[in-house]
Amino acid sequence: MSDDELLTVAEVMGRLRLGRSTVYALIRSRRLPSVTIGRCRRIPAAALRDFITDEMGRAA
């Protein structure tokens, strides 16, 4: 996963093993940054990596 890669919501769902509504809730709460391109929502790979790191820190 390269830093400049943009992931779809479905790809994030698969990587985090979460449902669509949970991923969109994370986006709405701004815990998972995203960008909108046209009508498409994309999550930068670096943002997903940062989110996972933050969550691991909270769990420790």
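Remember, predicted model here, so these are calculated numbers, not experimental data.

Chemist: Report on the environment of E11, specifying residues and quantitative values.
Modeler: One can find E11 in helix α1 (residues 9-16). A relative accessible area of 35% places E11 in the partly exposed class. Within the structure, the side chain of E11 is placed 2.8 Å from the backbone nitrogen of T8, a separation counted as a polar contact.

Chemist: I'd like to hear about the pairing of strand β3 (residues 40-44), residue by residue, with values.
Modeler: When strand β1 (residues 6-8) meets β3, the two strands line up antiparallel, connected through three bridges. Note on β3: the bridge partner recorded for L6 is P44. Of the strand pairs in this sheet, strand β2 (residues 35-37) and β3 are connected by three bridges, and their pairing is antiparallel. Within β3, the residue paired with V35 across the bridge is R42. Hairpin connection of β2 to β3: two residues between the antiparallel strands, including G38 at a positive phi of 65°.

Chemist: For the sheet that holds β3, give the residues involved together with the corresponding values.
Modeler: The strand order across the open sheet formed by three strands is β1-β3-β2, and the pairing between neighbours is antiparallel. Every other strand in the sheet has two partners, leaving β1 and β2 as the edge strands with one partner each. Strand-to-strand, the axes of this sheet are offset by a mean angle of 45°, without reference to chain direction. Packed on one face of the sheet, α1 meets β1 and β3 and runs near 85° to β1.

Conventions adopted
Residues numbered from 1 in each chain as written. Predicted model: local features only at pLDDT ≥ 70, side-chain atom pairs only at ≥ 80, totals over all residues. Heavy atoms only, no water. Helix = DSSP H or I, 4+ residues; strand = E, 2+ residues; numbered from the N terminus. Buried < 20%, exposed > 50% of the residue type's maximum accessible area, 1.4 Å probe, protein only. Polar contact = N/O pair within 3.5 Å; in protein donor to acceptor, adjacent residues only side chain to side chain. Pairing = 2+ DSSP bridges. Axes fitted to C-alpha atoms, helices over the stretch in contact; angles between N-to-C directions. Contact = heavy atoms within 4.5 Å.

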